[in-house]
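For reference, the chains in residue letters:
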Amino acid sequence: MEVVDVKIVDVRAFNLANRTVLVKVTADEGIVGWGECSPMQPPVIVAHIEHTLKQLVIGQDPFDLERLVERMFITPYKIAGQGLAIAISGIEIALWDIIGKALGVPVYKLLGGAYRTKIPVYASSMRRDISPQDEAKRLSKLVEEFGFRAVKVRIGNRFGADEDVYPGRSIEVVREVRKMLGKDVAIMVDANSAFTPSRAIEIGRKLEEFSIFHFEEPCPYTDLDANAKVAASLDVPVALGEQEWDLVRFREMMVKGACDIVQPDVIKVGGFLRCKKVAAIAEAFNIPVTLHNTQPTIGKIATLHFAASTPICRYPQEFNIEPHPFAHRLVKELPQVRGGHLTVPDAPGLGVEVNEEVVAELCVN
C-alpha cells in the first residue's frame, strides 16, 4: 500500500440549530473528514474545539492518532472533563474518516475488520411524557414494521431522587410494554440516575418479574458504590457508562462491580481509540459492551463502525426512535433499519456524505 503523506490544515466545528454538533477536518490533499460531538451545551463544545483543541492538531499528520489524542487530553488537563472529551470525540472521528478515505477503506477495516457487518439495534425511547399504553402501542408498531427484537423505555425521573413521573409509572410502563410485545422481545429500562440504592433494588426486583434485559443507570452515575450495591442485589444486569470518559473510572466501575454491561458512547468518550480501550478493559472482565448513542447522523455511523469491528458488542446497540428534524437532509443515504439490523457502510472512511449546504443553512455559531 502506498504511503500517504497528509497534514491537517483546518478544523471547524458547527453548532446546527442547537441539536447537532459536527466537526469538519480538512487535510492538505483536499481530503475532508467529518465527526460528531454529543450536543451537550453545543456552544461550549464548539468553543472547546475552536479555542483549545484546533491548535493542537493543525499541521499534524492525521495518521498519528495515538499521539494526537493523548495531546488533546493531556495539554488542556486543567480543564479536563466530559465536555472536553466530547469535543475531542468529534475531531478524532473526523481523523479516522480522513485516514479511511486516504487509504480507500472503511473505518471498521482499520479498527479491526469485520467481525459483523449487520448490527442488531434496539428501539430506544427517549420519552417520559407518554402514557404507558401509548408507549406500548408505538413500540409494538416499530417492532412489527422494522423487526426490532429489543426495545428500551424510560423509568423514574432523570436524577429524580426516588421520584417518578407519577406514582407507579415505572412499573406500569414496563408491564404495558411486556403485555403488548409478548415474551420474545427484550425490554431494557433506563432510569437516568433516578434512584437511591434501596429504592433501585425495590424497583429492580419488581421489574425482574417482567424479564427485563438490563437496568440502566439505576443510581446517579457519579456514585459507583451505589450502583455496585444494586448490581449485587439483583439478577437483572445493571448497565452503566454513557457519561464516562476517563479510563480509570471505567476500570473502577468494573473492579467495584458497578455494572454488568458497559456503555461507552463513541461521541462522548473521546472517539474510537478511547472506546476501543474501554472495550479491551471490559473484555478482560468478561463484560459485554452495549454502546450508548442517541444521535442519528455521524454518531450513528460511528457506532456502526465500532460495533462491526468489536467482538464484545454482542447485544443490540442503541437506536433512537424519536423523530429528528433534519437528519436525513444532513447526511445522505443514512442506513435504514431492516429486520432489526443496520448495515455498516462499506465506502471509504465513515462511508457517508455530509450535505454541506444543510450545514451552512442550520449553523448557528
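Quick look at the structure, then. Think of each chain on its own: its residues are numbered from 1, step by step along the sequence as written. The predicted origin of the model limits local features to residues at a pLDDT of at least 70 and limits the giving and counting of side-chain atom pairs to 80 or more, whereas totals for whole chains, interfaces and linings rest on all residues. Hydrogen atoms and water are omitted, and side-chain values are computed over all heavy atoms in the structure.

**Let's talk about the pattern of salt bridges**
- Here a salt bridge means any side-chain nitrogen of Lys or Arg lying within 4 Å of a carboxyl oxygen belonging to Asp or Glu. Inspection of the entire model under this criterion finds 23 salt bridges.
- Between lysine 152 and aspartate 190 there is a salt bridge, with its nearest N and O atoms 3.8 Å apart. With a gap of 38 residues between them, lysine 152 in strand β5 (residues 150–154) and aspartate 190 in strand β6 (residues 186–190) connect regions that are remote in the sequence. Each member of the pair, lysine 152 as well as aspartate 190, is classed as buried.
- As a salt-bridge pair, aspartate 190 and arginine 154 come within 3.4 Å of each other at their nearest N and O atoms. Remark: arginine 154 occurs in strand β5 and aspartate 190 occurs in strand β6; sequence separation between them is 36 residues.
- Burial status follows relative accessibility: with a 1.4 Å probe on protein chains alone, a residue under 20% of its type maximum counts as buried, one over 50% as exposed, and anything between as partly exposed. For arginine 154, a relative accessible area of 4% translates into the label buried. Secondary structure is summarised from DSSP: a helix means a run of H or I of at least four residues, a strand means a run of E of at least two, and numbering begins at the N terminus for each.

**A closer look at unusual backbone geometry**
- With a phi close to 65 degrees, serine 193 is a non-glycine residue in the positive phi region.
- In this structure, serine 193 sits in the loop between β6 and α7 (197–208).
- Phi at glutamate 217 is positive, roughly 45 degrees, even though this residue is not glycine.

**Description of the sheet that holds strand β2 (residues 20–27)**
- For two strands to count as paired, DSSP must find a minimum of two bridges between them. Spatially, the three strands line up as an open sheet ordered β1-β2-β3, and their pairing is antiparallel. Bordering the open sheet on either side are β1 (8–16) and β3 (32–37), each of which pairs with just one other strand. Neighbour to neighbour, the strand axes of the sheet diverge by 20 degrees on average, direction disregarded.
- Pairing of β1 with β2, which is carried by eight bridges, proceeds in the antiparallel orientation. The residue bridging arginine 12 from the neighbouring strand is lysine 24, located in β2. Here the axes come from fitting lines to C-alpha atoms, over the contacting stretch only for helices, and the angles between their N-to-C directions go from 0 to 180 degrees.

**Let's talk about helix α5 (residues 132–146)**
- Given the number of residues in a helix, its expected span is that number minus one, multiplied by 1.5 Å. The end-to-end C-alpha separation of α5 is 21 Å, in line with the 21 Å expected for 15 residues at 1.5 Å each.
- A contact between two residues is defined here by any heavy atoms of the two lying within 4.5 Å. Looking at the buried residues of α5, the elements they touch are β4 (118–124), β5 and α6 (169–181).

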